[in-house]
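Inside the fold
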Amino acid sequence: MKRKLTTLKEAHEFVDKFEGSLGKGKGKKFYAYKVMMQKKWMKFQRDFENFRTACIPWEMKIKEIESHFGSSVASYFIFLRWMYGINMVLFGLTFGLVMVPEALMGKPYGSMPRKTVPKSEEATAMDFSILWDFGVSNCLSLYVVAICYFVHFMHFVLLDHCESMSTHILSWVTADPGQPGMCIFFVFKGFSQYSVLFYGYYNNQRAIGWLKFRMPLSYFMTGVGTIAYSFMVVIRTMANNANEEGGGDDTSFTFSWKMFTSWDYLIGNPETADNKFASITTSFKESIVEEQENRKEENIHLTRFLRVLANFLVLCCLGGSGYLIYFVVRRSQKFAQEGLDDYGWWERNEVNMVMSLLGMFCPMLFDVISALENYHPRIALQWQLGRIFALFLGNLYTFIIALLDEINLKLEEEAIVRINMTIWEASLYNGTVAENATAPPLEVDPAVVPRGPCWETMVGQEFVRLTVSDTVTTYITLLVGDFLRAVFVRFLNYCWCWDLEYGFPSYAEFDISGNVLGLIFNQGMIWMGAFYAPCLPAINVIRLHVSMYLQCWAVMCCNVPHARVFKASGSNNFYIAMLLVILFLSTLPAVYTIVSIPPSFDCGPFSGKHRMFDVIQETLDNDFPAWFGKVFGYASNPGLILSFILLMV
Amino acid sequence: MPTRTVPSSHVKKSFGELHSRYHELAPNLVPMDYTNDPDCKVPMQLIINMPELTENPFKERIVESFSEAGDGNLSFNDFVDMFSVLSEMAPRELKAIYAFKIYDFNTDNFICKSDLEQTLNKLTREELTPEEVNLVCEKVIEEADLDGDGKLAFADFENMISRAPDFLSTFHIRI
């Protein structure tokens, strides 16, 4: 009986629940309403998903490129878009937390010595524009560039990287700016140097404005924050990508599914149909390449031996070039010390020329050596990228050495200026005050005060110069190399002896490795210099934005798809891994300068302190209650920190 | 309005809207009044020019598969069946049956290598070389053929298509 009752109860509940769907009883209207709301909700979700996909910037462009050129070329553009996102955040941080507060709440231009153009520079202060001084060395570099343009296009791009990094070596080696036509000069002089764009403008006052905004602290923390954010994002993306690729490569019906389910029956627009046909064709070609690679018969031992040999050769190359660079830099340091007048043109520009030549010949050598290895094209690309990357580390090394030397020079200058300053102040008083009494503050025009050389601003300027010159060379390379070449091949084909389109030079293929490396190294420069020039992320955002449009146009207009189209799976993580290495390498110099070099005495938010990170100690002492300081003191006990690090690892 | 009921029509639009679309294709041919159950068929040429079908590389095969006589001329029932099977709500098994018919170019109830070649050429607009086409077709037969006869029977096809993640979303026309 009990069971009957429970069954009856359950039946009652069931009927109550589904009454509406049965079409009778009081639940009918409610059920119909519920079903309608569910349908509307599903439709809304679908529309929202569509909207969200449409909102992703440049999605349509990238899909179009993917359908014509394959996923490997598209992966470069996806990478570019991702970098743009990171740079936007960095820009937001520096702009909002550093530049805007100082501009709005700090002392205005002209009120302090560090914020004013000194009298001696006033004549040239309006020289806002970029001064380009083409000299003999630059002409020769262009000639070398033209040579390698006919040999191999890819190294054309690489050469410009070498060149832009070596311009500072040049301007350092030939320190006399008046020397006619011997250096490439990007001059960011005048008002822009004495503005929020560069480090030197910032006042070291502890709290500014009515909000009591802690400017120096904010500056320091923003610097640390940008690096920390970059690390987080890069590592998190790597983890995500690694997860995604774990499964899903094991499909056993690849070709069947491609054949029977790739055409989207909903397509009604002719342009979309064209894109779809192109993408299906490309997709088939990619799978065909994979299949052919799998089918290749291999003699394992021979292949292994050849690969070991190839790697050995490459290592020799890299070692040789590293030593050569080191040797040449040492020699130029020696020349600089002895004065440059005794030496001819080659000695003056040795470093520049050596790096250009290395940048031109080594990648070609790597290309030839990689023919020994017989890898899948995707893997071959990764090896090529890795090797050129190692070559560029040499460039980086020279750049940093040059910079450090220049900083040391400026520090010595600063010591001299300090001495002069005390003499000058004494002369102002003109003996009106006794020796040991404290003098009343003087009313002096800020423009007249003698100024120390601000090494931080100099560093910031170097980075800005490098970024701008890199950008300009890349764009010019793109226009000349891709566009003019395409125009040449297209229009001169009618009146040329051999078929330009199939023979030499034909249309260019999109150079993935060169562009990816350029992007990664550019980002490394930004990370290095962002602490000293808050304007760098802003410049980079503009640069990436323009790059996206320019390169999308150039690819669709002047490039042809690769002969062997390969899938890009796995390369994305590879690019990000390289980015991580560069991030790590670029934070090292910045951290080194923060920790070991004393800040300038008269410019920047840390002036007057012994070391830049003293600002943290100061904040802890003054702003936080006493117990916090104690706790922090205990916490920063090395033992605790060490065990914490071990735990994390 | 036609009074007979068409079994399991999955199309969201009302019958009247479907009929007006059918009527638009050939206004002189299609009567508005179906009470006498007329026997009229719209020729294939008019149907494959419909905006929903015109970009599809398989449009002729689709229309042929749904026409009773196999010549591509559709009566109104065939028309409704076609859009019903291709709609969102049709069950997977039904779609698989008709997909098999569509891709079977020589209507021998097997998808053989020549059918695959034709499918591939339509899909890529003949941009692949003959060696590549050959490779792909061989791979498809290798992957999907279970009974080893060198061509795909319906069982092989269904086995393969039931695991495909994209099948339902791509084999779909909205009218």
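As the structure is a prediction and not an experimental result, all values here were calculated from the model.

**Here we look at the overall build of chain B**
A tally of helices and strands in chain B yields nine helices and zero strands. Seen in sequence order, chain B has helices and strands lined up from the N terminus as α-α-α-α-α-α-α-α-α. A buried classification covers 50% of the 175 residues belonging to chain B. For chain B, the share of sequence-separated contacts (at least 6 apart) that also reach a separation of at least 24 residues comes to 55%.

**Here we look at the confidence of the model for chain A**
Residue and element names in this part refer to chain A. Overall, the prediction assigns chain A a mean pLDDT of 72, with 68% of residues at 70 or greater. For chain A, per-element mean pLDDT is lowest for helix 6 (residues 153-173), which scores 33, and highest for helix 16 (residues 536-558), which scores 89. Across residues 125-190, where pLDDT falls below 50, the model places 127 contacts with residues more than four positions away in sequence or in other chains.

**A look at the packing of aromatic side chains**
All chains considered together, the criterion is met by 27 aromatic pairs over all chains. Ring geometry for Phe79 of chain A against Trp82 of chain A: centres 6.0 Å apart, planes inclined by 20 degrees, an arrangement best described as stacked. Of this pair, Phe79 of chain A and Trp82 of chain A are both found in helix 4 (residues 71-105), three residues apart, which corresponds to roughly one turn of the helix. A residue is classified by how much of its surface remains accessible, and Phe79 of chain A, at 2% relative accessible area, is buried. A centroid spacing of 5.1 Å and a plane angle of 50 degrees characterise the contact between Tyr22 of chain B and Phe76 of chain B, whose relative ring orientation is tilted. Of this pair, Tyr22 of chain B sits in helix 1 (residues 15-25) while Phe76 of chain B is found in helix 4 (residues 76-85), placing the two residues 54 residues apart along the sequence. Counting every residue linked through ring pairs, the aromatic cluster contains Phe260 of chain A together with Phe58, Phe100, Tyr103, Phe154 and Phe157 of chain B. Stacked on the ring of Phe105 of chain B, the Lys or Arg Arg61 of chain B has its end atom at 5.9 Å from the ring centre. Here the guanidinium or amino end of Lys151 of chain B rests over the ring plane of Phe110 of chain B, the centre of that ring lying 4.2 Å away.

**Overview of the interface of chain B and chain A**
Contacts between the two partners involve 45 residues from chain B and, on the opposite side, 31 residues from chain A. Between chain B and chain A, roughly 3300 Å² of surface is buried when both sides are summed, and carbon and sulfur atoms account for 67% of that area. Counting the surface chain B buries against chain A, the share from its top three residues, Glu55, Leu123 and Glu143 of chain B, is 20%. One salt bridge connects Glu291 of chain A with Lys139 of chain B, and the closest N-O pair in it is separated by 3.5 Å. The interface formed by chain B and chain A holds eight residue pairs in polar contact (both at pLDDT 80 or more) in total. Secondary structure elements with two or more residues in the side of chain B that touches chain A: helix 5 (92-103), helix 6 (113-124), helix 7 (130-144), helix 8 (154-162) and helix 9 (167-170) of chain B. Broken down by element, the side of chain B that touches chain A gets its largest block of residues, eight residues, from helix 7 of chain B. Looking at the side of chain B that touches chain A, its residues break down into 25 nonpolar, seven polar and 13 charged.

**Here's the deal with the nonpolar core**
Ranked by internal contacts, the top residues of the largest apolar core, which has 64 residues, are Phe260 and Tyr265 of chain A. The element that contributes the greatest number of residues to this core is helix 7 of chain B, accounting for seven residues. Discounting residues that sit within four places of it in the chain, Phe260 of chain A has contacts with Tyr103, Ile111, Leu116, Val140, Leu152, Phe157, Met160 and Ile161 of chain B. Counting 55 residues, the second largest nonpolar core, distinct from the first, contains Val73, Ile325, Val329 and Leu391 of chain A.

**Concerning the side chain of Thr303 of chain A**
Residue and element names in this part refer to chain A. Relative to the assigned elements, Thr303 resides in helix 10 (residues 300-338). For Thr303, a relative accessible area of 13% translates into the label buried. Ignoring sequence-local partners within four residues, the contact set of Thr303 consists of Glu298 and Glu373.

**Let's talk about unusual backbone geometry**
All names here are of chain B. One non-glycine residue, Thr107, lies in the positive phi region at around 45 degrees. Since its relative accessible area comes to 57%, Thr107 is described here as exposed. Positioned with a positive phi, Glu126 is a non-glycine residue whose angle comes to about 60 degrees. With respect to the element layout, Glu126 can be found in the loop between helix 6 and helix 7. For Glu126, a relative accessible area of 60% puts it in the exposed group.

**Some points on the environment of Ala239 of chain A**
All names here are of chain A. As for its placement among the helices and strands, Ala239 is situated in helix 7 (residues 215-246). The partly exposed category is assigned to Ala239, whose relative accessible area is 40%. Separated by 334 residues in sequence, Ala239 and Asn573 have C-alpha atoms that sit 9.0 Å apart.

**Some details on a nonpolar patch on the surface**
Residues and elements named next belong to chain A. Side chains of Leu302, Phe305, Leu309, Phe312, Leu313 and Leu372 sit close together on the surface and give an oily, nonpolar patch of about 540 Å² of accessible area. Note on placement: Leu313 falls in helix 10. Residue classification places Leu313 among the partly exposed residues on the basis of a relative accessible area of 35%.

**Some details on the packing of helix 9 (residues 270-295) of chain A against helix 6 of chain B**
For the pair helix 9 of chain A and helix 6 of chain B, the least separation of the axes is 8 Å and the interaxial angle reads 125 degrees. Comparing their axes, helix 6 of chain B and helix 9 of chain A come out oblique. Residues Phe277, Ile280, Thr281 and Phe284 of chain A of helix 9 of chain A form the contact with helix 6 of chain B, whose own contacting residues are Leu120, Lys122, Leu123 and Thr124 of chain B.

**With respect to the confidence of the model for chain B**
Residue and element names in this part refer to chain B. Summarising the model, chain B shows a mean pLDDT of 84, and 90% of its residues fall at 70 or more. Contacts from residues 1-7, a stretch scored under 50 in pLDDT, to residues over four places away or in other chains number nine contacts. ipTM for the predicted complex: 0.88, alongside a pTM of 0.67.

**Here's the deal with the packing of helix 14 (residues 455-492) of chain A against helix 15 (residues 512-529) of chain A**
Residues and elements named next belong to chain A. Where helix 14 meets helix 15, the closest approach of the two axes is 10 Å, and the angle between their N-to-C directions is 160 degrees. When the interaxial angle is binned, helix 14 and helix 15 end up roughly antiparallel. Judged by the twist between their axes, the crossing of helix 14 over helix 15 is left-handed. In this structure, helix 14 uses Phe463, Leu466, Thr467 and Asp470 to contact helix 15, whose residues at the interface are Asn522, Met525, Ile526, Met528 and Gly529. Along the lines of polarity and charge, the residues of the contact of helix 14 with helix 15 split into five nonpolar, three polar and one charged.

**Observations regarding the pattern of salt bridges**
Under the criterion given, the structure shown has twelve salt bridges over all chains. Between Asp47 of chain A and Lys43 of chain A there is a salt bridge whose closest N-O contact spans 3.2 Å. Of this pair, Asp47 of chain A and Lys43 of chain A both sit in helix 2 (residues 27-55), four residues apart, which is roughly one turn of the helix. For Lys43 of chain A, a relative accessible area of 46% gives the class partly exposed. Here Glu52 of chain B makes a salt bridge to Arg21 of chain B, at a shortest N to O gap of 3.1 Å. Here the residue Glu52 of chain B occupies a position in the loop between helix 2 (44-47) and helix 3 (59-66), and Arg21 of chain B occupies one in helix 1, the gap between them amounting to 31 residues. Comparing Glu52 of chain B with Arg21 of chain B shows no difference in burial state: the two are buried. Ionic contacts of the salt-bridge type, sharing partners, join the residues Glu59, Lys63 and Arg81 of chain A into one network.

**Regarding helix 6 of chain B**
All names here are of chain B. Taking 1.5 Å per residue as the helical rise, helix 6 with its twelve residues ought to reach 16 Å, and the 16 Å between its terminal C-alpha atoms agrees with that figure. Within helix 6, the full set of buried residues consists of Asp115, Leu116, Thr119, Leu120, Leu123 and Thr124. Each buried residue of helix 6 lies within a common arc of 150 degrees when the element is viewed along its axis, so the set occupies one face. Immediately beyond the C-terminal end of helix 6, within one or two residues, lies Arg125, with a positive phi of roughly 50 degrees.

**As for the environment of Ala278 of chain A**
Residue and element names in this part refer to chain A. Relative to the helices and strands, Ala278 resides in helix 9. Overall, the relative accessible area of 18% leaves Ala278 in the buried class. Spatially, the C-alpha atom of Ala278 lies 9.1 Å from that of Glu66, the residues being 212 residues apart in sequence. Filtering out sequence-adjacent residues up to four positions away, Ala278 remains in contact with Ser67 and His68.

Definitions and limits used
Residues numbered from 1 in each chain as written. Chains lettered and ligands numbered in written order. Predicted model: local features only at pLDDT ≥ 70, side-chain atom pairs only at ≥ 80, totals over all residues. Heavy atoms only, no water. Helix = DSSP H or I, 4+ residues; strand = E, 2+ residues; numbered from the N terminus. Buried < 20%, exposed > 50% of the residue type's maximum accessible area, 1.4 Å probe, protein only. Contact = heavy atoms within 4.5 Å. pLDDT = per-residue confidence, 0-100. Phe/Tyr/Trp six-rings, centres within 6.5 Å; stacked < 30°, edge-to-face > 60°. Lys NZ or Arg CZ within 6 Å of the ring centre and 35° of its normal. Buried area = accessible area lost by both parts, 1.4 Å probe. Salt bridge = Lys/Arg side-chain N within 4 Å of Asp/Glu carboxyl O. Polar contact = N/O pair within 3.5 Å; in protein donor to acceptor, adjacent residues only side chain to side chain. Nonpolar A, V, L, I, M, F, W, Y, C, P; charged D, E, K, R; others polar. Core = buried A, V, L, I, M, F, W, Y, C linked by side-chain atoms within 4.5 Å. Patch = residues over 30% accessible without salt bridge, like charges linked within 9 Å, V, L, I, M, F, W, Y side chains within 5 Å. Areas by Shrake-Rupley, 256 points an atom, 1.4 Å probe, with all protein chains shown as cover. Axes fitted to C-alpha atoms, helices over the stretch in contact; angles between N-to-C directions. Parallel < 35°, antiparallel > 145°, perpendicular 65-115°, else oblique. Left-handed = near helix turned anticlockwise from the far one by under 90°. Expected span 1.5 Å × (residues − 1). Arc of directions from axis to C-beta.

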